[in-house]
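Each chain, written out:
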Amino acid sequence: MFSDYTDEDGTVHTKAAQEAVFLADKQATEDAAALELSKTTGIDILGVMCSATKTDQSGLTAVALGVTLARMSNSTFPDTKFEFENGNSLVVTDANFDTVYTTWMPFRQSFFTP
């Protein structure tokens, strides 16, 4: 598949170097696919597998804002059926919001740790 060659500017490209680049690219592609699968599969929260995609984050951030505003005005956040991108849904209530968010947010954040 690969062989040693010298390009037009005189740079030598070895078979071993080409194979190393190929394998590194293949591994990076596999790692990215596994990461996306993990985000979509999600985490179990209150018996529901909740995905953690960018779309899910936008939606749960909006719910968090609603809960915060409701609590600041001494009212109760209305029960809200949240549809996760993986197709599952969870009814988020004022009573379970803290559990949902404090479980889901570290899972989502884990995809961005160095």
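Please refer to the structure higher up on the page.
Residues numbered from 1 in each chain as written. Predicted model: local features only at pLDDT ≥ 70, side-chain atom pairs only at ≥ 80, totals over all residues. Heavy atoms only, no water.

**Side note on the overall build of the chain**
Moving on, step 1. Broken down by element type, the chain carries three helices and six strands.
Moving on, step 2. Starting at the N terminus and walking to the C terminus, you meet the elements of the chain as β-β-α-β-β-α-β-β-α.
Moving on, step 3. Whereas a compact globule of 114 residues would reach a radius of gyration of roughly 13 Å, the chain reaches 23 Å, over 25% beyond that.
Moving on, step 4. In the chain, which comprises 114 residues, the proportion classed as buried is 25%.
Moving on, step 5. Pairs at least 24 apart in sequence give 51% of the contacts found in the chain among residues at least 6 apart.
Moving on, step 6. When the accessible area of the chain is evaluated, it comes to approximately 7400 Å², of which 58% is carbon and sulfur surface.
Moving on, step 7. Distance from the positive charge centre (7 side chains) to the negative charge centre (16 side chains) of the chain: 6 Å. (Helix = DSSP H or I, 4+ residues; strand = E, 2+ residues; numbered from the N terminus. Rg over C-alpha atoms; globule rule 2.2 N^0.38 Å. Buried < 20%, exposed > 50% of the residue type's maximum accessible area, 1.4 Å probe, protein only. Contact = heavy atoms within 4.5 Å. Areas by Shrake-Rupley, 256 points an atom, 1.4 Å probe, with all protein chains shown as cover. Lys, Arg positive; Asp, Glu negative; His and termini not counted. Charge placed at Lys NZ, Arg CZ, Asp CG, Glu CD.)

**A few points about the nonpolar core**
Moving on, step 1. By size, the foremost hydrophobic cluster in this structure holds 20 residues, and its most contacted members are Cys-50, Val-63, Phe-84, Leu-90, Phe-97 and Trp-104.
Moving on, step 2. Elements with a minimum of two residues in this core: strand 4 (48-50), helix 2 (54-72), strand 6 (89-92) and helix 3 (97-109).
Moving on, step 3. Residue contacts for Trp-104: discarding those within four places in its chain leaves Ile-43, Ile-45, Cys-50, Ser-51, Ala-52, Asp-56, Gln-57, Leu-60 and Phe-84. (Core = buried A, V, L, I, M, F, W, Y, C linked by side-chain atoms within 4.5 Å.)

**Remarks on the packing of aromatic side chains**
Moving on, step 1. If you walk through the whole model with that rule in mind, you get three aromatic pairs.
Moving on, step 2. Summarising the aromatic geometry, the rings of Phe-107 and Phe-111 are spaced 5.1 Å apart at their centres and angled 80° between planes, so their arrangement reads as edge-to-face. (Phe/Tyr/Trp six-rings, centres within 6.5 Å; stacked < 30°, edge-to-face > 60°.)

**Description of unusual backbone geometry**
Moving on, step 1. Unusually for a residue other than glycine, Leu-46 sits at a positive phi of about 55°.
Moving on, step 2. Tracing the backbone shows Leu-46 in the loop between strand 3 (43-45) and strand 4.

**Regarding helix 2**
Moving on, step 1. Between its first and last C-alpha atoms helix 2 spans 27 Å; for 19 residues at 1.5 Å apiece the expected length is 27 Å, and the two agree.
Moving on, step 2. Within helix 2, the full set of buried residues consists of Asp-56, Leu-60, Val-63, Ala-64, Val-67 and Ala-70. One side of helix 2 carries all its buried residues, which in axial view fall inside an arc of 125°. Set apart from the buried face of helix 2 by more than 90 degrees, the exposed residues are Lys-54, Thr-55, Leu-65 and Met-72.
Moving on, step 3. Looking at the buried side of helix 2, the elements it contacts are strand 5 (80-83), strand 6 and helix 3.
Moving on, step 4. A positive backbone phi angle near 55° is found at Asn-74, which sits one or two residues after helix 2. (Expected span 1.5 Å × (residues − 1). Arc of directions from axis to C-beta.)

**Some remarks on the environment of Asp-94**
Moving on, step 1. Tracing the backbone through its elements, the reader meets Asp-94 in the loop between strand 6 and helix 3.
Moving on, step 2. Given a relative accessible area of 23%, Asp-94 falls into the partly exposed group.
Moving on, step 3. With 42 residues separating them along the chain, Asp-94 and Ala-52 place their C-alpha atoms 21 Å apart.
Moving on, step 4. For Asp-94, the residues in contact, after removing those within four places along its chain, are Val-67, Arg-71, Thr-76 and Phe-77.

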